[in-house]
Amino acid sequence: MDVHSAAALSAGIAAGLAALGASLANGNVISRTVEGISRQPEAKGSLQSTMFIGVGLIEALPLLAWVLGLLLYLK
């Protein structure tokens, strides 16, 4: 296996694991938000805005991993 193949493999693994981790984290955040809203419906607005900020931060991880993988592949 040459360096180019190893870089392509590592880029794919990094992107895949980052996407897997983000999907699990997003599911957990959304699940906990729905649970919190069901317990305290009056806090819906606050919980939803916090959830959207959290999901946005979580989604940054796969994007950063994709860019890092692309840099590894193109180097």
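Values in this document were obtained by computation on a predicted structure and should not be read as measured data. Residue positions are given per chain, counting from 1 as you read along its sequence in written order. At least 70 in pLDDT is required for a residue's local features to be given in this predicted model, at least 80 for side-chain atom pairs to be given and counted, and no such filter applies to totals for whole chains, interfaces and linings, which use all residues. Processing note: side-chain calculations cover all non-hydrogen atoms of the structure and skip hydrogens and water entirely.

A. Spotlight on the UniProt feature "domain: V-ATPase proteolipid subunit C-like" (unreviewed entry) in the protein chain. UniProt positions are given in the numbering used here, feature names are shortened, and annotations may be inferred rather than shown by experiment. When the UniProt feature table is mapped onto this chain numbering, "domain: V-ATPase proteolipid subunit C-like" (unreviewed entry) sits at residues 9-72. Numbering goes from the N terminus for both helices and strands, where a helix is a DSSP run of H or I of at least four residues and a strand is a run of E of at least two. The annotated region residues 9-72 carries 94% helix and 0% strand content, and the separation between its end C-alpha atoms amounts to 10 Å.

B. Here's a closer look at the environment of Leu74. Within the secondary structure layout, Leu74 lies in helix H2 (residues 44-74). We classify Leu74 as exposed; its relative accessible area is 63%. Taking the C-alpha atoms as reference points, Leu74 and Gly56, separated by 18 residues in sequence, lie 27 Å from one another. For every residue, the accessible area (1.4 Å probe, protein chains only) is compared with the maximum for its type, and the residue is labelled buried under 20%, exposed over 50%, or partly exposed between those bounds.

C. Expanded view of the environment of Ala18. Residue position: Ala18 is located in helix H1 (residues 3-39). Judged by relative accessible area, Ala18 falls into the buried class, the value being 8%. Along the chain, Ala18 and Trp66 lie 48 residues apart, while their C-alpha atoms are 8.2 Å from each other.

D. Structural view of the UniProt feature "transmembrane region" (unreviewed entry) in the protein chain. Here, UniProt's "transmembrane region" (unreviewed entry) annotation points to residues 51-74. The distance separating the terminal C-alpha atoms of residues 51-74 is 35 Å; by composition the span is 100% helix and 0% strand.

E. Molecular detail of a nonpolar patch on the surface. Patch building starts from residues that exceed 30% relative accessible area and form no salt bridge, then joins like charges within 9 Å and nonpolar side chains (Val, Leu, Ile, Met, Phe, Trp, Tyr) within 5 Å. The method behind every accessible area is Shrake-Rupley, applied with a 1.4 Å probe, and residues are considered shielded solely by the protein chains displayed. Salt bridges are defined as contacts in which a side-chain nitrogen from Lys or Arg sits within 4 Å of a carboxyl oxygen from Asp or Glu. Together, Met1, Leu9, Ile13, Leu17, Leu20 and Leu24 line one region of the surface with nonpolar side chains, adding up to about 680 Å² of accessible area. Along the chain, Leu20 falls in helix H1. Of the residues examined, Leu20 reaches a relative accessible area of 47% and is grouped as partly exposed.

F. Layout of the environment of Leu24. Residue placement: Leu24 occurs in helix H1. With a relative accessible area of 59%, Leu24 lands in the exposed category. Distance in space between the C-alpha atoms of Leu24 and Gly54 is 13 Å, their sequence separation being 30 residues.

G. The arrangement of H1 in detail. Expected span, for any helix, means 1.5 Å times one less than how many residues it has. For H1, built from 37 residues, the straight-helix expectation of 54 Å at 1.5 Å per residue is met to within 8% by its first-to-last C-alpha distance of 54 Å. Taken as a whole, H1 has its buried residues at Ala7, Ala11, Ala18, Ala22, Asn26, Thr33, Gly36 and Ile37. Every residue pair with non-hydrogen atoms within 4.5 Å of one another is taken to be in contact. The elements touched by buried residues of H1 are H2.

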